[in-house]
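Overview (structure and organization)
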Amino acid sequence: MMRWLALLVLAFFHGPLRAENYVIGIEQIDFYPHYDFSQRQQRGYFVDLIQLFSEKTGHQFKFMPLPVKRLYQSANSGIDFIYPDNPLWRQYNEPGIAKAFSAPVVFTLGSTLVKPELQHISLEQFRSLAVIHGFVPTKWLALKNQYKYRMVDVPDVASALGLVLKGRLDGANIEFNVAQHYLRSIAAQDQLVIAEQLPFTQLPFLLSTVKHPQLLSQFDRFLIDNAEQVAALKRKYQLQEQRPAPVARQPANTNEAKLLP
């Protein structure tokens, strides 16, 4: 009898987590195809991923879209999880609060988008950068005192890329997949490229929690056990996680073009 009781206790503490309801705090912005919680929408790769996790585990998740600054001040409130998060974002770490982080949900590509003719522009030549409000371009900030460029705060992706397309700014600091989605939507996907000599980051987006590290372990296991389905979701949303190969430099004029083999 005592042996069976011991086994039941062991199963209780080490067995599968009981299905529960949780709240995920997420940025109240359009960051599609990663996620879009603007204008009362719920769409994107992360939304589908959490739905798949829910189907596999029975856990129920509610999204709570919040302005960026409020989101990262809510780690110890009614929110159970925060997405996206990363321990490198020290400006969002709250003193005395220890957060647990998941395995990478997706790798993002922090790119500087410019017109093709500026693809090889150097930092010495670069003069103006669009930055979306609420985002912190860490690499660009670190270089600010060394080079002569200005940073222009804009409300969204459309504003940032629009200023570059019109030639009013040299470049825009935008996640590559987000930029590509917008450029495809206006049939301009070939009109901007990654600047080869300007700051670029490959950074994972993680799920974080203060309250439920055990569930994060279950989430990490889910990512491994369902790797094929997770990869299929990334293909569905055309997410690239590796820096694309540079676009071939275009000839400057028709005479030069005729000389090419």
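Bear in mind the structure is a predicted one, so any value in this text is a computation, not a measurement. (Residues numbered from 1 in each chain as written. Predicted model: local features only at pLDDT ≥ 70, side-chain atom pairs only at ≥ 80, totals over all residues. Heavy atoms only, no water.)

**Focus: the nonpolar core**
Quick reminder of the rule: Note on terminology: a nonpolar core comprises buried Ala, Val, Leu, Ile, Met, Phe, Trp, Tyr and Cys residues joined through side-chain atoms within 4.5 Å. Categorising residues by exposure relies on relative accessible area from a 1.4 Å probe, with only protein chains included: less than 20% of the type maximum marks a residue as buried, more than 50% marks it as exposed, and the intermediate range marks it as partly exposed. The helix and strand labels rest on DSSP assignments: H or I over at least four residues marks a helix, E over at least two residues marks a strand, and numbering proceeds from the N terminus. For this analysis, residues touch if any pair of their heavy atoms sits within 4.5 Å.
By size, the foremost hydrophobic cluster in this structure holds 61 residues, and its most contacted members are Phe46, Leu49, Tyr83 and Ile174. Top element by residues in this core is helix H2 (residues 45–57). It accounts for seven residues. Every residue in contact with Phe46, bar those within four places of it in the chain, is listed here: Ile24, Ile26, His34, Tyr35, Phe63, Tyr83, Val105 and Leu207.

**Brief notes about unusual backbone geometry**
Most peptide bonds are trans, and most residues other than glycine sit at a negative phi. Residue Tyr32 is joined to Pro33 through a cis peptide bond whose omega torsion reads 15°. Structurally, Pro33 can be placed in the loop between strand E2 (30–31) and strand E3 (35–36). Cis rather than trans, the peptide bond between Tyr83 and Pro84 has omega equal to -5°. Relative to the helices and strands, Pro84 is located in strand E5 (residues 81–85). Backbone geometry places Gln238, a non-glycine residue, at a positive phi of 55°. In this structure, Gln238 sits in the loop between helix H8 (227–236) and helix H9 (254–259).

**Quick word on the layout of surface pockets**
Threshold: Definitions used throughout: a 1 Å grid over protein atoms alone; a cavity as a set of points that fits a 1.4 Å probe which cannot get out; a pocket as an open set with protein on both sides within 12 Å along at least five of seven lines; a lining residue as one with an atom within 4 Å of a point. Grid points are joined across faces, edges and corners, and a volume is the space filled by probe spheres set on the points.
Space inside the largest pocket adds up to approximately 640 Å³. Along the walls of the largest pocket sit 30 residues, with Trp89, Phe135, Val136, Thr201 and Leu203 positioned nearest its centre. Taken together, the elements giving at least two residues each to the lining of the largest pocket come down to strand E7 (106–114), helix H4 (138–143), strand E10 (171–175) and strand E12 (201–209).

**Regarding the pairing of strand E8 (residues 128–132)**
Within a regular strand, side chains alternate between the sheet's two faces. To be explicit about the condition: When DSSP locates at least two bridges between a pair of strands, those strands are taken to pair. Handedness is read with the strands pointing away from the viewer; a crossover is right-handed when the path from the first strand over the helix to the second is clockwise.
Where burial is concerned, most of E8 is hidden: five out of the five residues are buried. Burial of the side chains of E8 extends over both faces: Ser128, Ala130 and Ile132 are buried on one face and Leu129 and Val131 on the other. With five bridges connecting them, E8 and strand E9 (residues 150–154) associate as parallel partners. If you follow Val131 over to E9, its bridge partner there is Asp153. For the handedness criterion, the β-α-β arrangement of E8, H4 and E9 is classed as right-handed. Across three bridges, the pairing between E8 and E10 is parallel. When the bridges of E10 are listed, Val131 appears paired with Asn173.

**Let's talk about the confidence of the model for the protein chain**
Put simply, the rule is: Residue-level confidence of the predictor is summarised by pLDDT, bounded by 0 at the bottom and 100 at the top.
Mean pLDDT over the protein chain works out to 88, with 88% of the residues at or above the 70 mark. For the stretch residues 1–15, pLDDT sits under 50, and the model shows two contacts to residues farther than four places along the chain or on other chains. Ignoring residues within four places in sequence, the model shows residues 251–261, a span with pLDDT below 50, making three contacts including any to other chains.

**Digging into the packing of aromatic side chains**
Put simply, the rule is: Whether two aromatic rings pair depends on their centres lying within 6.5 Å, for rings of Phe, Tyr and Trp, where Trp uses its six-membered ring; planes under 30 degrees apart make the pair stacked, over 60 edge-to-face, and the rest tilted. Distance and angle both matter: a charge sits over a ring if NZ of Lys or CZ of Arg is within 6 Å of the ring centre and within 35 degrees of the ring normal.
Under the defined criterion, the tally for this structure stands at 21 aromatic pairs. Centre to centre, the rings of Phe31 and Phe135 are 5.6 Å apart; their planes meet at 20°, and the pair counts as stacked. Taken as a pair, Phe31 in strand E2 and Phe135 in the loop between E8 and H4 lie far apart in primary sequence, 104 residues in all. Cluster of aromatic residues (ring-pair linked, three or more members): Phe31, Tyr35, Phe37, Phe46, Phe63, Tyr72, Tyr83, Trp89, Tyr92, Phe135 and Phe205. A cation over a ring is seen here: Arg43 above Tyr32, with NZ or CZ 3.9 Å from the ring centre. The lysine or arginine in question, Arg243, covers the ring of Phe200, its NZ or CZ lying 4.4 Å from the ring centre.

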